[in-house]
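# Close look at the chain arrangement
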Amino acid sequence: MNLPRVLVVDDEQQMRRSLRVTLRTNGYDVDEAATGEAGLDAVAVRPPELIILDLGLPDVDGVEVTRRLREWTRLPIIVLSAMGDDEAKVRALDAGADDYVTKPFSVPELLARMRVALRRGARGEQTGDRVVRIEDVEIDLARRVVTRAGLEVHLTPTEYGLVRFLAQNAGRVVTHGQLLRSVLGNGYEDAIGSLRVYIASLRKKLEADPSEPRLIVTEPGVGYRLKAD
Amino acid sequence: MRHFVTYALALAAVAITVGVIGFLRSYAELPTAVLLYLVPIILAATRWGRGPAVVAAVASAVAHDFFFIPPVGTLTITSPDEAVGLALLLFTALVTAQLAEAARHAAEREREAAVARRSDDLKTALLRAVTHDLRTPLASIKANVSGLRQADVAYSDEDRAELLAAIDDEADRLDRLVANLLDASRLEAGVLVPHKQPQDLAELVRAVLVRLRPLLAGREVQLTIAEDLPLVSCDYAQVEQIVTNLVENATRHTPEGTPIEMRLTADTEVARLEVIDHGAGIPVIERERLFRPFERGQTRVPGSGLGLSIARGLAEAHGGRLEVDDNPTGGTRFCLTLPL
C-alpha cells in the first residue's frame with residue numbers, strides 16, 4: 001500500500017521521534033530533517049505529500065524555508081510554532097504555509113490539520129469545488145450566490161469577496177493580511193479594524209449565533225478560518 | 001573622619017593659594033589676584049561638597065583681608081570694592097557646590113537606573129529561556145501522551161515503548177532544568193553551601209554518564225581515569241550537577257555522533273576533570289561570556305544558557321575552578337579543578 005509521505009523538519013530530536021512514531025502508526029510514511037537546509041534538500045530530492053515545519057530552526061528559520069519552498073512548489077506546509085511566536089506564525093502563513101499548530105499540540109489536532117491540508121493538496125490550489133457547503137450554508141462560487149437554509153443571503157461585494165476567499169481556503173487558516181489583500185487589494189493589509197467589522201456583519205448574516213461563531217472561526221492574533229465540513 | 005579630611009584639604013588649598021598670591025605680589029601689583037581664590041573654592045565645591053566650599057570661601061576672604069588688604073595684619077575692611085569681592089567669593093562657592101551636588105545626584109540616579117535596567121534585562125532573558133526550555137520537553141510529552149490516548153489507533157508494543165521512553169527522557173530533562181533553576185537562584189542568593197564529604201569522583205562521573213545515556217544517544221564517551229585517584233571532599237549532588245551540565249553542554253553544541261572525551265586526574269593539590277568535545281571550538285572572545293547566565297554563544301542551540309554559569313558557580317563554591325580553552329587536537333576543553 002502506498003502511504004502518504006510526510007517530511008518532518010524539526011531540530012528537536014525528541015519531537016521528531018514523537019512524530020515519527022505517532023504519524024507512522026496513524027498511516028503515514030515519515031521522513032525527517034533536523035535543519036532548514038536539510039529540509040529543503042529533502043523536499044527537492046524526494047518530494048513528500050506534506051511538510052511539517054518547525055519555525056524555530058537553528059540555521060534557516062521556518063519562514064525563510066517556507067518562502068524558498070513556495071518559489072517552486074505548492075506542497076502543503078503545516079508550521080509548528082512555539083507559543084508566543086505569533087509574529088513568526090503570521091509571517092509563515094503569509095509566505096504561503098497552509099496552516100499552523102502551536103506547540104504543545106495534541107496528535108489528533110495535528111492529524112486533523114494534516115487531513116485538511118492533504119485534501120487541499122490533492123485538489124490543487126484554489127481550483128476546488130464550485131459549491132462549498134458548511135452546515136446549512138451553501139456558497140456557490142460559480143454563480144456567486146450564498147444561501148442559508150435554502151434562502152439566498154444578500155451580501156455586499158466586500159462581504160462576498162471575504163466569503164469567497166474563506167471558502168476557497170475552507171478548513172485552512174487565512175491571515176488578516178491575506179484576507180484584506182484578496183478583498184481590498186494591496187496596501188490595506190493593516191486595516192484589521194475594518195476587517196473585524198466586515199466579519200461581524202458576515203457572521204450576522206451566516207451564523208446561527210453570531211456571538212458564538214461556528215462557521216467563521218477567529219484564529220486569535222492570526223486571522224480566520226472557515227470551518228471545513 | 002572623612003569630613004575632617006575634606007575640610008583640612010579645603011583649608012590647605014586656600015593656604016597654597018595665599019602663598020601663590022603673596023609670591024606673585026612680590027613681583028607686581030595684581031588687582032585681579034583675588035580671582036585666584038576661585039581655584040580652591042571651585043575645587044572644594046566640586047570635589048568635597050558645600051561645607052568645605054563655604055569654609056574655603058570664608059578662609060579665602062579672611063586670609064586675603066588679613067594678609068593683603070591694608071591695613072595688613074588686621075581683619076578690618078575699608079574699601080567697599082573689597083567687600084563686594086569677598087561676597088562674590090562666597091556666592092561662587094555656594095552656587096558651584098549646589099551645581100556640583102545636583103550633577104552628582106543625577107549621575108547616581110542614572111547609575112541606579114542602569115542597574116535596574118540590567119536586572120530587568122536579566123529577568124526578561126530568564127523568562128524567555130525558561131519558557132522555551134520548559135515548553136520544548138512539554139511539547140514532546142504532550143504529543144506522545146495525546147498519541148497514546150488516541151482511542152481509535154492501536155500502537156504496536158514497540159512504538160508504545162518508544163513513546164513512553166521519550167516521555168520518560170523528557171521528564172528527566174525537565175527535572176534537570178528545574179534543578180538548574182533552583183541552583184541558579186540559590187547561587188544568586190548566596191545560600192548554596194556545599195556539604196562536603198569524601199567522594200569517589202570516578203564513580204560519580206560514571207553515574208552521570210549512565211543517567212545521561214538517552215541524551216548521549218549512542219555517542220562514544222572515552223573516559224580515562226588516573227590510577228589511585230584520591231577521594232575528593234565535595235558535595236556529591238553539586239558536583240554531579242557540574243558534571244551533568246558539562247556533558248550536556250558538550251552534547252548540545254557538537255554534531256550528533258561525535259565522541260566526547262573525559263579525563264579524571266589528580267596531583268598533590270587538586271583533582272581535575274576535563275571534558276573535551278570535538279565540535280567547532282569557541283573563539284577566545286566568546287569564552288568568558290559562556291559563563292554568564294543566559295549567554296548561549298553564537299549558536300541558536302536550545303538551552304537556557306544557565307548550565308555553564310551554574311557549573312562555574314558551584315565549582316567556585318567548592319573553592320575550585322572551571323575554565324575553558326581549546327583542545328590541541330580540535331574542539332573545546334572544559335577543565336574542572338577541585339581542591340583536595
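For the structure itself, consult the block above.
Residues numbered from 1 in each chain as written. Chains lettered and ligands numbered in written order. Predicted model: local features only at pLDDT ≥ 70, side-chain atom pairs only at ≥ 80, totals over all residues. Heavy atoms only, no water.

## Quick notes on the sheet that holds strand β6 (residues 321–326) of chain B
All names here are of chain B. Across the sheet, which stays open at both edges, the 5 strands sit in the order β2-β4-β5-β7-β6 with mixed pairing between neighbours. Every other strand in the sheet has two partners, leaving β2 (221–225) and β6 as the edge strands with one partner each. Pairs of neighbouring strands in the sheet enclose a mean axial angle of 15°, with direction left out of account. Bridging between β6 and strand β7 (residues 332–339) involves 6 bridges; their strand directions are antiparallel. (Pairing = 2+ DSSP bridges. Helix = DSSP H or I, 4+ residues; strand = E, 2+ residues; numbered from the N terminus. Axes fitted to C-alpha atoms, helices over the stretch in contact; angles between N-to-C directions.)

## Here's the deal with the interface of chain B and chain A
Interface size is commonly expressed as the accessible area that is lost once the parts come together. Chain B puts 26 residues into the contact, and the matching count from chain A is 26 residues. Interface area, chain B with chain A, both sides summed: about 2100 Å², of which 54% is carbon and sulfur. Where chain B packs against chain A, one counts 5 salt bridges. With a shortest N-O distance of 3.0 Å, glutamate 12 of chain A and arginine 173 of chain B are connected by a salt bridge. Between the two partners, chain B and chain A, sit 10 residue pairs in polar contact (both at pLDDT 80 or more). Of all the elements in the fold, those that place two or more residues in the side of chain B that touches chain A are α4 (80–148) and α5 (157–189) of chain B. In terms of residues, the side of chain B that touches chain A owes the most to one element, α4 of chain B, which gives 10 residues. Residue composition of the side of chain B that touches chain A, grouped by class: 11 nonpolar, 6 polar and 9 charged. (Contact = heavy atoms within 4.5 Å. Buried area = accessible area lost by both parts, 1.4 Å probe. Salt bridge = Lys/Arg side-chain N within 4 Å of Asp/Glu carboxyl O. Polar contact = N/O pair within 3.5 Å; in protein donor to acceptor, adjacent residues only side chain to side chain. Nonpolar A, V, L, I, M, F, W, Y, C, P; charged D, E, K, R; others polar.)

## Overview of unusual backbone geometry
Of note, the amide linkage connecting lysine 103 of chain A to proline 104 of chain A takes the cis form, showing an omega dihedral of -5°. Along the chain, the position of proline 104 of chain A falls in the loop between β5 (99–103) and α5 (107–123). Even without being glycine, alanine 149 of chain A reaches a positive phi, approximately 50°. Mapped onto the fold, alanine 149 of chain A is located in the loop between β8 (145–148) and β9 (151–152). A positive phi angle, near 35°, is found at aspartate 228 of chain B, a position not held by glycine. In this structure, aspartate 228 of chain B sits in the loop between β2 and β3 (232–234).

## A look at the packing of aromatic side chains
Two numbers describe a pair of aromatic rings. These are the distance of the centres and the angle of the planes. Residues and elements named next belong to chain B. This model, assessed by the stated rule, comprises 4 aromatic pairs over all chains. Pairing phenylalanine 291 with phenylalanine 334 gives two aromatic rings, centres 6.3 Å apart and planes at 80°, and the pair type is edge-to-face. A residue pair is termed long-range when its members are at least 10 positions apart, and phenylalanine 291 in the loop between α9 (284–287) and α10 (307–317) and phenylalanine 334 in strand β7 qualify at 43 residues. By the burial criterion, phenylalanine 291 is buried, and phenylalanine 334 matches it. By way of ring pairs, the aromatic residues Phe66, Phe67 and Phe68 are connected into one cluster. Residue placement shows arginine 312 over the ring face of phenylalanine 291; its charged tip is 3.7 Å from the ring centre. (Phe/Tyr/Trp six-rings, centres within 6.5 Å; stacked < 30°, edge-to-face > 60°. Buried < 20%, exposed > 50% of the residue type's maximum accessible area, 1.4 Å probe, protein only. Lys NZ or Arg CZ within 6 Å of the ring centre and 35° of its normal.)

## A look at the side chain of glutamine 241 of chain B
Relative to the elements of secondary structure, glutamine 241 of chain B occurs in helix α8 (residues 236–252). Each residue touching glutamine 241 of chain B, except ones within four places of it in the same chain, is listed here: Arg176, Ala179, Asn180, Asp183 and Leu314 of chain B.

## Let's talk about the sheet that holds strand β1 (residues 5–9) of chain A
Residues and elements named next belong to chain A. In spatial order, the strands read β2-β1-β3-β4-β5; together these 5 strands make up an open sheet with parallel pairing. The sheet is open, and its two borders are formed by β2 (29–33) and β5, each paired with just one other strand. Geometrically, the sheet is characterised by an average inter-axis angle of 20° between neighbouring strands, direction not taken into account. Relative to strand β3 (residues 50–54), β1 runs parallel, the two sharing 4 bridges. The partner of leucine 7 across the bridge, within β3, is isoleucine 51. With respect to the sheet, helix α3 (residues 62–70) is in contact with β3 and β4 (77–82), its orientation differing from that of β3 by roughly 155°.

## A few points about a nonpolar patch on the surface
Taken together, the side chains of Ile16, Val20, Phe23, Leu24, Tyr27 and Leu30 of chain B present a nonpolar region at the surface, about 600 Å² in accessible area. Judged by its relative accessible area of 37%, valine 20 of chain B falls in the partly exposed class. (Patch = residues over 30% accessible without salt bridge, like charges linked within 9 Å, V, L, I, M, F, W, Y side chains within 5 Å. Areas by Shrake-Rupley, 256 points an atom, 1.4 Å probe, with all protein chains shown as cover.)

## Here's the deal with the nonpolar core
Most often, soluble globular proteins keep nonpolar side chains buried together rather than apart. Residues and elements named next belong to chain B. If you look at the biggest cluster of nonpolar residues, it comprises 39 residues, and the most contacted ones within it are Leu201, Val243, Met262, Leu273 and Phe334. Elements with a minimum of two residues in this core: α6 (201–211), β3, α8, β4 (260–266), β5 (270–276), α10, β6 and β7. Leave out the neighbours within four places in its chain, and valine 243 touches Leu204, Val205, Val208, Met262 and Leu273. (Core = buried A, V, L, I, M, F, W, Y, C linked by side-chain atoms within 4.5 Å.)

## Points about the pattern of salt bridges
Summed over the entire model, instances satisfying the criterion amount to 38 salt bridges over all chains. Between glutamate 64 of chain A and arginine 67 of chain A there is a salt bridge, with the nearest N and O atoms lying 3.1 Å from each other. Taken together, the residues glutamate 64 of chain A and arginine 67 of chain A, both in helix α3 and 3 residues apart, mark about one turn of the helix. Residue classification places glutamate 64 of chain A among the partly exposed positions, given a relative accessible area of 27%. Residue arginine 91 of chain A pairs with glutamate 87 of chain A through a salt bridge whose shortest N-O separation is 3.6 Å. Placement of both arginine 91 of chain A and glutamate 87 of chain A in helix α4 (residues 86–94) is noted, with a separation of 4 residues, approximately one turn of the helix. By relative accessible area, arginine 91 of chain A is classed as partly exposed at 36%. Three or more residues are tied together by salt bridges with common partners; here these are Arg16, Arg17, Arg20 and Glu32 of chain A together with Glu162 and Asp169 of chain B.

Read these as layout, nothing more, since geometry by itself doesn't imply function.
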